[in-house]
Amino acid sequence: MQKTIPFTLQDAISWRKRFGTPFYVYDEAGIRKTVESVQKAFSWNKGFTECFAVKATPTPAIIRLLASMGCGTDCASVSELVLSASSGLSGRKVMFTSNETSDEAYRKAVAIGAIVNLDDITQIENLERAAGIPDTVCLRYNPGSFVVNGKDATSAIMGSQADSKYGMTKEQLFEAYKILKEKGVKHFGLHCMAASCSLNASYYPTLAEMMFNIVVEIHDTLGIDIEITDFGGGIGIPYRPEQESVDILCVGDEVRKIYERIIGPIGLEVAIYTELGRFITGPHGYLVTSVRGFKHIYKEYIGVDATACDLMRPAMYGAYHHITILGKEGGELKVDVCGGLCENNDKFAIDRILPKAEMGDILVIHDVGAHGRSMGYNYNGFLRCGELLLSPRGDVRLIRRSESLDDLFATFDVDGDFSYDA
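Thresholds, definitions, all that
Residues numbered from 1 in each chain as written. Predicted model: local features only at pLDDT ≥ 70, side-chain atom pairs only at ≥ 80, totals over all residues. Heavy atoms only, no water. Patch = residues over 30% accessible without salt bridge, like charges linked within 9 Å, V, L, I, M, F, W, Y side chains within 5 Å. Areas by Shrake-Rupley, 256 points an atom, 1.4 Å probe, with all protein chains shown as cover. Salt bridge = Lys/Arg side-chain N within 4 Å of Asp/Glu carboxyl O. Helix = DSSP H or I, 4+ residues; strand = E, 2+ residues; numbered from the N terminus. Buried < 20%, exposed > 50% of the residue type's maximum accessible area, 1.4 Å probe, protein only. Arc of directions from axis to C-beta. Contact = heavy atoms within 4.5 Å. Pairing = 2+ DSSP bridges. Axes fitted to C-alpha atoms, helices over the stretch in contact; angles between N-to-C directions. Core = buried A, V, L, I, M, F, W, Y, C linked by side-chain atoms within 4.5 Å. Parallel < 35°, antiparallel > 145°, perpendicular 65-115°, else oblique. Left-handed = near helix turned anticlockwise from the far one by under 90°. Nonpolar A, V, L, I, M, F, W, Y, C, P; charged D, E, K, R; others polar.

Participant: Please explain a nonpolar patch on the surface as it appears in this structure.
Facilitator: On the surface, Phe412, Val414 and Phe418 cluster together to form a nonpolar patch covering roughly 280 Å² of accessible area. Considering the arrangement of structural elements, one finds Phe412 in the segment after α12 (405-409). Looking at Phe412, the relative accessible area reads 43%, which means it is partly exposed.

The following block contains the structure:
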């Protein structure tokens, strides 16, 4: 089975001549269409806000594109807060969720008016010391276990809730709300992300039911009205061709029914926030790389000019990413597709059936628009690749150049000349 690609072989050849490979290319039209579907799915909720997870694709052009469509951001660090603020986002458009948080990060979050989402009850004291207690605070809940349709929602990426470092127990959650109310907090939120990369359409509805019931319990026992319920991210994408996308419109409608049944009777207006980084940009990013060699030993290998430094998900998680050799169809050979790092797990595919490749062929690695370039690194001194944005008109622009040796050496404090003539 094949996956669609919003550009042609001739496009890729042209871009390789201009920019060299490897590079990422993001499909703006696809991103826009997905954002519109998410917003439509939850349009019934007065305060709905999609706070895109910056960690998924922390590129200013992408963040500003999403901001222009009404999205906010989910941030976990000072740099992500700065990126959000420089993209015109502040206040309730920014959800700041971190753990083991620095004083600097708290101060920056409060300075731009972001909603501070505390990961642990002990962080109340740290927040107060660093930046004071703002009038709006959200708390992150860890349910300990989370079951969807009779099955634990554990994933290889996030693990089980009981093993997760994130969030508070229910007892801690209620105690933290009481403490914050005494300290003068006026507006409260509740956050929970109980799964990662889930293709189960019942995930958000199940999460909503749990969270809305807690909202009612907090209202009844503490006299606190929760104004925001943040579902986090967690909705996955179909990495494999045979998998199906989650129907976000049906998900939104199911959540609406649960909202009306649980929240409706107590007369509250609770805004729903989502943080759908992977779902929004994941399917609309492509890593374009060129064949630079072959190896025929105990297995067959195709060598490419991208490495795990450009895309580490297969090496880190054993994650599947579909691969297309542009201009070729079918499958003839079982191969491993690998990069040039001094690590044996520097592979994009293992025992994959692909068409017979030739030197210079262009490979496209699919579904890398989230947690792809953002997880890059510089092992072996390899340089991370650049990023392009494909407009709905069909033209591309460079939105992040490839790294240079000067970039790599810029932080060194040593004597000597690192100049290099290619």
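There is more to say after this.
Participant: Where do I start with the environment of Lys40 in this structure?
Facilitator: Among the structural elements, Lys40 can be located in helix α2 (residues 28-41). On a C-alpha basis, the gap between Lys40 and Leu249 in space is 7.2 Å, while along the polypeptide they are 209 residues apart.

Participant: Honestly, helix α6 (residues 123-131) in this entry has me stumped. Any pointers?
Facilitator: Residues that lie three or four places apart on an α-helix share one face, since the helix turns once every 3.6 residues. Buried within α6 we find Gln123, Ile124, Leu127 and Ala130. Viewed end-on, α6 has its buried residues packed into an arc of 140 degrees, placing them on one side of the element. For α6, the exposed residues set more than 90 degrees away from the buried face come down to Glu125 and Arg129. In the core, the buried residues of α6 are packed alongside α5 (103-111), β5 (115-118) and α7 (170-182). Positioned one or two residues after α6, Gly132 has a phi angle of 80 degrees, which is positive.

Participant: So what exactly am I meant to see when it comes to the pattern of salt bridges here?
Facilitator: Applying the stated criterion to the full structure yields 23 salt bridges. Taking the shortest distance from any N to any O, the salt bridge between Asp103 and Arg129 comes out at 2.8 Å. Here Asp103 is found in helix α5, whereas its partner Arg129 is found in helix α6, with 26 residues between them in sequence. Classification of Asp103 as partly exposed rests on a relative accessible area of 26%. With a relative accessible area of 53%, Arg129 lands in the exposed category. Between Lys183 and Glu128 there is a salt bridge, with the nearest N and O atoms lying 3.0 Å from each other. Of the two residues, Lys183 is situated in the loop between α7 and β9 (187-191) and Glu128 in helix α6; the sequence distance between them amounts to 55 residues. By relative accessible area, Lys183 is classed as partly exposed at 37%. Taken together, the shared-partner salt bridges connect Asp253, Glu254, Arg256, Lys257 and Glu260 into one network.

Participant: Would you take a moment to explain the environment of Val147 for this structure?
Facilitator: Checked against the element boundaries, Val147 lands in strand β7 (residues 147-148). On the accessibility criterion, Val147 (44% relative accessible area) is partly exposed. C-alpha separation for the pair Val147 and Thr206, spaced 59 residues apart in sequence, amounts to 8.2 Å.

Participant: In this structure, what is going on with the sheet that holds strand β11 (residues 271-274)? I would like to understand it.
Facilitator: Note: strands within a sheet are paired through backbone hydrogen bonds, in either parallel or antiparallel orientation. With respect to topology, eight strands assemble into a closed barrel ordered β2-β3-β4-β5-β6-β9-β10-β11, the strand pairing being parallel. Direction aside, neighbouring strands of the sheet carry axes that sit 25 degrees apart on average. For strand β2 (residues 49-53) and β11, the ladder comprises two bridges, and the chain directions are parallel. Across the sheet, residue Glu50 finds its bridge partner in β11, namely Thr274.

Participant: Would you explain the nonpolar core in this entry?
Facilitator: Among soluble globular proteins, nonpolar side chains are generally buried collectively. Among the nonpolar cores identified, the biggest contains 103 residues, and Tyr177, Tyr203, Tyr204, Leu207 and Phe212 are the most heavily contacted of them. Of the residues forming this core, the biggest block, twelve residues, is contributed by helix α8 (residues 203-222). Setting aside anything within four residues of it in sequence, one finds Leu207 in contact with Phe146, Cys192, Ala194 and Phe231. Counting 13 residues, the second-largest nonpolar core is a separate cluster that includes Ala12, Trp15, Val25 and Ile362.

Participant: Whenever I open this one, the packing of α2 against helix α3 (residues 60-68) confuses me. Can you help?
Facilitator: Between α2 and α3, the least distance of the axes is 11 Å, while the angle of their chain directions is 40 degrees. Viewed along their axes, α2 and α3 adopt a mutual orientation that is oblique. With respect to the hand of their crossing, α2 and α3 are arranged in right-handed fashion. On the side of α2, the interface is formed by Glu28, Ile31, Arg32 and Val35, while α3 contributes Ile62, Leu65, Leu66 and Ser68. Looking at the contact of α2 with α3, its residues break down into five nonpolar, one polar and two charged.

Participant: Can you help me understand the packing of α7 against α8 in this one?
Facilitator: In helix packing, the relevant descriptors are the interaxial angle and the interaxial distance, both defined with respect to the helix axes. α8 packs onto α7 with a crossing angle of 50 degrees between their chain directions and a minimal axis gap of 12 Å. The pairing of α7 with α8 is recorded here as oblique in orientation. In this structure, the crossing between α7 and α8 has a hand that is right-handed. In contact with Lys170, Leu173, Phe174, Tyr177, Lys178 and Lys181 of α7, α8 contributes Ile214, Glu217, Ile218, Thr221 and Leu222. Broken down by class, the residue content of the contact of α7 with α8 amounts to six nonpolar, one polar and four charged.

It is worth stressing that arrangement in space is one thing and function is another; only the former is reported here.
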